[in-house]
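# Results of the structural survey
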Amino acid sequence: MSDIGLNLSGLLALIVFAWSAIGLAILALISLAIAYLGRSGNRGVRKHWAFGSFVSAAVLVILNLLALGAFAFLIDSMDQATNEVFDKIAIYVWAPLQLIIWIATAFLFNRSRK
């Protein structure tokens, strides 16, 4: 029998970063569409509440893409235990935290513009 094993540690973190970037990009486009369609008169897109959601989602998309690229580049140079820790952090901390960050930063961004 062959002793070839498949090491999938770190793969879950890559999947979390990729799907988070895709999901937040969709949310950003929806927010931008709402801001564009909901503009009234001379207020413009930037004054709409959904524009804050667009900005915060766009920033999180960029962060996820940077994390995805960095982790994909470094995944082979780390050992299996380290990759498993990154998997757990990505799944149990980063994924839920992004939703809270997105809502909070959109709220603060909209508050700071008024």
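Residues numbered from 1 in each chain as written. Predicted model: local features only at pLDDT ≥ 70, side-chain atom pairs only at ≥ 80, totals over all residues. Heavy atoms only, no water.

## Structural notes on the nonpolar core
Grouped burial of nonpolar side chains is what soluble globular proteins tend to show. The biggest cluster of nonpolar side chains holds seven residues, and these are A13, L14, V16, F17, F71, I75 and A90. Here the element with the most residues in this core is helix α1 (residues 11-37); it accounts for four residues. If sequence neighbours within four positions are ignored, F17 has contacts with N64, A67, L68, F71 and W94. In this structure, A28, L60, V61 and W102 belong to the second largest nonpolar core, which totals six residues. (Core = buried A, V, L, I, M, F, W, Y, C linked by side-chain atoms within 4.5 Å. Buried < 20%, exposed > 50% of the residue type's maximum accessible area, 1.4 Å probe, protein only. Helix = DSSP H or I, 4+ residues; strand = E, 2+ residues; numbered from the N terminus. Contact = heavy atoms within 4.5 Å.)

## Quick notes on the packing of aromatic side chains
Tallied over the entire structure, the rule returns three aromatic pairs. An angle of 75° between the planes, with centres 6.3 Å apart, marks the rings of F17 and F71 as edge-to-face. Of the two residues, F17 is situated in helix α1 and F71 in helix α2 (residues 49-74); the sequence distance between them amounts to 54 residues. Each of the two residues, F17 as well as F71, counts as buried. Arranged with centres 5.7 Å apart and planes meeting at 40°, the rings of F51 and F54 form a pair that is tilted. Highlighted residues: F51 and F54, both in helix α2, separated by three residues, approximately one helical turn. Under the relative-accessibility criterion, F51 is labelled buried at 15%. Connected via pairs of aromatic rings, a cluster forms that spans F17, F71 and F86. (Phe/Tyr/Trp six-rings, centres within 6.5 Å; stacked < 30°, edge-to-face > 60°.)

## Looking at the packing of α1 against α2
The N-to-C vectors of α1 and α2 enclose an angle of 160°; their axes lie 8 Å apart at closest approach. Classed by the angle they form, the pair α1 and α2 counts as roughly antiparallel. In terms of crossing hand, the pair formed by α1 and α2 is left-handed. (Axes fitted to C-alpha atoms, helices over the stretch in contact; angles between N-to-C directions. Parallel < 35°, antiparallel > 145°, perpendicular 65-115°, else oblique. Left-handed = near helix turned anticlockwise from the far one by under 90°.)

Read these as geometric descriptors, not functional statements.
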